[in-house]
Amino acid sequence: MKSKYVTRYLSVGVCCLSLLSGVAPASFAGDEAYEARVEASKKEDGILVYSNVAEYNWRFIIEGFNAMYPWIKIESIDLGPSTVFERYYSEVSVGKNTADMIVTGAPDGWERFAHKGELLPYSSPEKGSLPAWSMPEDGLYTISADPMVIVYNKLLLKGDAPESLADIIEMGKENPEKFRNKVTTYNALKHSFAYDIHWATVKSLGANAWNTMDALGDVTQSESGGAVMVEKVTSGEYIMGYFVSGITVFPRMDQSGRNKIMGWSFEKDGTPVFHRGMGVTKAAKSPNSSKLLLDYILSHEGQIAVGKGGLTPYRADIKHGEVPYVSYQDIVDAIGEENIIHVTYDPEAYEHRDEFLARWKQAYRIKD
């Protein structure tokens, strides 16, 4: 396995650090437990994070965190959504140093991790400001609530922008020769991230779900990654894609002229929102430093940093315009809470995995 190592020791100026170090988030002021944790962190040796979050997503989080705690070094290793757990288990089994904190979008992996007792229970002082759906297990929190969106090539559609799954199906039926295998989405067979999106969508759509998926399958060619889908829609290899991770779309829209070629929209009839989990591990060598990082990410300031990096903040006190892309409230305002499909920690998803994937392969015309 080829890992991508991303090590960041922030180069914030010494002058700035001396001015900002030790300044707590406003919500922690006067909290004795917080102050004790800060002192304990000064005796620890930095934080090792395993995540499936890219460097540009981390950048503003680490800058903001290190402005408050400049003595805490953060080393982040970018791995696959499930590989983060496999590597942790492997290292723990032989007594090697391993991750203090894990950040990843793999609901089944988190389910097993928590039930194995490897997740450190922790009650963050930010809990009162967070929605219940963002805290599925004791110690398991949500870094971002990321929408899966439609992307499309403006030049090929010439003004007919799709805004729903129903739009995509209608376009495919009206012009099957043009759209067959020219629409893309994640392959549910490839990894749990993709599987959970499709599972949550089918469950949310109810009795008519497989009719919808069969119709989408008529025109869809699946891919394993969001970045690949974005590039192929931009190049014209695909006309459009659906359920494409917003965090791979929004920052790329700023790149040289891409917004003149590619557009995006929420699925008005059901936008999956993926809860990307994070937690401190039982094997953490720096638990106090890790808890400070987790608290920072959950704070208003931290969620703004999450948004600046292209992830989707979800605290209710994040106002429109505070982040450069979208917040959870922006999604609610755009399509209504009733049209959000929360991709949650659903035990049924894993009990019926083989049965579901067999039906999904039928819908998407994938043979063994």
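Residues numbered from 1 in each chain as written. Predicted model: local features only at pLDDT ≥ 70, side-chain atom pairs only at ≥ 80, totals over all residues. Heavy atoms only, no water.

In the annotation of an unreviewed UniProt entry, the entry for the chain reads ABC transporter substrate-binding protein, and the organism field reads Kordiimonas pumila.

Looking now at the overall build of the chain. Helices and strands together make up the secondary structure of the chain, namely 18 helices and 11 strands. Taking 2.2 N^0.38 as the reference for a compact globule, 368 residues should give roughly 21 Å; the C-alpha atoms of the chain span a radius of gyration of 21 Å, in line with that estimate. C-alpha atoms of the chain, sized along the principal axes, occupy 65 × 40 × 40 Å. With 368 residues in all, the chain has 56% of them scored as buried. On the chain, roughly 15600 Å² of surface is accessible, and the fraction owed to carbon and sulfur atoms is 50%. Side chains of the chain give 38 positive and 49 negative charges; the mean places of these two sets differ by 6 Å. (Helix = DSSP H or I, 4+ residues; strand = E, 2+ residues; numbered from the N terminus. Rg over C-alpha atoms; globule rule 2.2 N^0.38 Å. Buried < 20%, exposed > 50% of the residue type's maximum accessible area, 1.4 Å probe, protein only. Areas by Shrake-Rupley, 256 points an atom, 1.4 Å probe, with all protein chains shown as cover. Lys, Arg positive; Asp, Glu negative; His and termini not counted. Charge placed at Lys NZ, Arg CZ, Asp CG, Glu CD.)

What follows covers the layout of surface pockets. In this structure, the second largest pocket spans a volume of roughly 250 Å³. Lining the second largest pocket are 15 residues, with Asp-45, Gly-46, Ile-47, Leu-48 and Lys-73 positioned closest to its centre. Grouping the amino acids of the lining of the second largest pocket by side-chain chemistry returns five nonpolar, four polar and six charged. (1 Å grid on protein atoms, 1.4 Å probe; cavity = no way out; pocket = protein on both sides within 12 Å on 5 of 7 lines; lining within 4 Å. Points joined across faces, edges and corners; volume = space filled by probe spheres on them. Nonpolar A, V, L, I, M, F, W, Y, C, P; charged D, E, K, R; others polar.)

The subject of this paragraph is the pattern of salt bridges. What the rule picks out here adds up to 17 salt bridges. Close ionic contact of Arg-276 with Asp-146 constitutes a salt bridge, the shortest N to O distance being 2.9 Å. Of this pair, Arg-276 sits in strand 10 (residues 271-280) while Asp-146 sits in strand 5 (residues 141-153); the two residues are 130 residues apart in sequence, bridging distant segments of the chain. With respect to class, Arg-276 is no different from Asp-146; both count as buried. We note a salt bridge from Glu-177 to Arg-180, for which the minimum N-O separation is 3.3 Å. Exposure remark for Glu-177: the relative accessible area of 63% places this residue in the exposed category. (Salt bridge = Lys/Arg side-chain N within 4 Å of Asp/Glu carboxyl O.)

Looking now at the confidence of the model for the chain. With 92% of its residues at a pLDDT of 70 or more, the chain has an overall mean of 90. Within the chain, strand 6 (residues 183-186) carries the highest mean pLDDT (98), whereas strand 1 (residues 4-8) carries the lowest (37). Contacts from residues 1-21, a stretch scored under 50 in pLDDT, to residues over four places away or in other chains number 34 contacts. (pLDDT = per-residue confidence, 0-100. Contact = heavy atoms within 4.5 Å.)

Counting buried positions along strand 5 yields 13 of 13 residues, so the element is predominantly enclosed. As paired strands, strand 5 and strand 10 are joined by six bridges and run antiparallel to one another. Opposite Tyr-141, over in strand 10, you have Met-278 as the bridge partner. Where strand 5 and strand 8 (residues 240-245) come together, four bridges link them in antiparallel fashion. Pairing of Val-149 across the sheet is with Val-244, part of strand 8. (Pairing = 2+ DSSP bridges.)

It is worth spelling out the environment of Phe-274 at this point. Take Phe-274: it is sitting in strand 10. Separated by 127 residues in sequence, Phe-274 and Pro-147 have C-alpha atoms that sit 6.3 Å apart. In this structure Phe-274 touches Gly-105, Ala-106, Pro-107, Ser-144, Ala-145, Asp-146, Met-148, Phe-193, Asp-196, Ile-197 and Val-343, once residues within four positions along its chain are discounted.

Our focus in this paragraph is the packing of aromatic side chains. As enumerated under the stated definition, the model contains 22 aromatic pairs in all. Their ring planes at 45 degrees and their centres at 6.0 Å tell us that Tyr-89 and Phe-113 sit as a pair that is tilted. With Tyr-89 in helix 4 (residues 83-93) and Phe-113 in helix 5 (residues 107-115), the pair connects residues that are 24 residues apart, well separated along the chain. With a relative accessible area of 25%, Tyr-89 lands in the partly exposed category. A relative accessible area of 0% means that Phe-113 is categorised as buried. With 6.4 Å between their ring centres and 25 degrees between their planes, Tyr-195 and Trp-199 make a pair best called stacked. Remark: Trp-199 and Tyr-195 occur in helix 9 (residues 192-205); sequence separation between them is four residues, near one turn of the helix. Taken together, the aromatic side chains of Phe-85, Tyr-88, Tyr-89, Trp-110 and Phe-113 make up a single cluster linked through ring pairs. For the cation-ring pair, Lys-42 lies above Trp-71, with the distance from its terminal atom to the ring centre recorded as 5.0 Å. (Phe/Tyr/Trp six-rings, centres within 6.5 Å; stacked < 30°, edge-to-face > 60°. Lys NZ or Arg CZ within 6 Å of the ring centre and 35° of its normal.)

Turning our eyes to something else, we now look at the environment of Gly-117. Mapped onto the secondary structure, Gly-117 falls in the loop between helix 5 and strand 5. A relative accessible area of 33% means that Gly-117 is categorised as partly exposed. Along the sequence, Gly-117 and Lys-282 sit 165 residues apart, while their C-alpha atoms lie 7.5 Å from each other.

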